Amino acid sequence: MITLADLTDSPLFVFSGPCVIESEELCLTVGETVRDACAELGLRYVFKASFDKANRSSGASFRGQGLDEGLAIIERVGKKLGVPTITDVHLPEQAEAVGQACDVLQVPAFLARQTDLLHAVGKTGRVVHVKKGQFMAPAEMKNVVNKLTEVGNEQVVLCERGTFFGYGALVNDFTGLAAMADATGKPVCFDVTHSTQQPAGQGTQSGGNPKYSPLLARAAVAAGVDGLFVECHPNPAEAKSDAASMLPLDVVPQLLRECRDLAALRAGFSVKLV
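Here goes a summary of the coordinates provided. The structure displayed is predicted, hence computed values, not measured ones.

What counts and what doesn't
- Residues numbered from 1 in each chain as written.
- Predicted model: local features only at pLDDT ≥ 70, side-chain atom pairs only at ≥ 80, totals over all residues.
- Heavy atoms only, no water.
- Helix = DSSP H or I, 4+ residues; strand = E, 2+ residues; numbered from the N terminus.
- Contact = heavy atoms within 4.5 Å.
- Axes fitted to C-alpha atoms, helices over the stretch in contact; angles between N-to-C directions.
- Left-handed = near helix turned anticlockwise from the far one by under 90°.
- Nonpolar A, V, L, I, M, F, W, Y, C, P; charged D, E, K, R; others polar.
- Core = buried A, V, L, I, M, F, W, Y, C linked by side-chain atoms within 4.5 Å.
- Buried < 20%, exposed > 50% of the residue type's maximum accessible area, 1.4 Å probe, protein only.

1. A short note on the environment of I86
Of note, I86 is situated in strand β3 (residues 85–88). Here the alpha-carbon distance between I86 and L12, two residues 74 residues apart in the chain, equals 16 Å. In contact with I86, other than residues within four places in its own chain, are F15, V46, F47, K48, A49, V104, Q106 and H129.

Structural data, given as structure tokens:
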């Protein structure tokens, strides 16, 4: 079982994989590429995929393999790749099963204030990764941490994925990364791909500007984040979920190399006002 200390013992941890489980073969293809890149760079890798996309723009959108089959695939992929795994939890009653199958439980941004869900994932004892709601200020995430710690779970990672800026648009506040870390004392992850998303920007599905993802990733690392969340696919245009915002798999190794180098450089930063 991976711990919070394990995640933060390298220059960066990386949560990465396809948005949704399309097939076991796709998961292995993506996971192997990112695993090998992270191993070469000395980064901690956790394979990510969703068994159910319960918060799609349209009810007709592809949702995934479902709880039982999806978790079985994630378990097999983790074992075959020899890496820990992370997936989303949408309902309190899913938490126990996900906690048995995965090393890290993720709470989606839209559900970041759901007390029952936070208590349920916290009680599993696993590391919990909570995405900041697009409608929340960074300092508000202290309340999220409190809900988890009150059920005995201190193993919390928080994630920035952009803040609503008008209709169908997100903005990234890089001072918010430090503000969230300062307010909570918890490691902060930056969601590289969803931060470029345009929620429901294409009517029945979300749009995105993935060309800005490398810029945002490098900026977030320079700002001091502990980890990166990156969804990727061999052919994003054919992806069954978040096709407009996912990164091509073949660019991820070089992007991670650049981010690793920036993490090493920021270790020498010294100017700070208090």
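2. Focus on the packing of helix α2 (residues 24–41) against helix α3 (residues 67–81)
Interaxial distance between α2 and α3 falls to 10 Å at its minimum, and their mutual angle equals 35°. In this structure, α2 crosses over α3, and the sense of that crossing is right-handed. Across from E24, C27, L28, G31, E32 and R35 in α2, the residues of α3 making contact are I73, R76, V77, K80 and L81. When the residues that make up the contact of α2 with α3 are grouped by side-chain class, the tally is five nonpolar, one polar and five charged.

3. Some words on the nonpolar core
Counting residues in hydrophobic clusters, the biggest one holds 62 residues, and the most contacted among them are V34, V121, V130, L228 and L256. When residues of this core are assigned to their parent elements, the largest contribution, six residues, is made by α2. With residues near it in sequence (within four places) discarded, L256 still touches V14, V34, C38, L41, L43 and L228. If you look at the next biggest cluster of nonpolar residues, it comprises 13 residues, including L7, V46, V157 and C189.

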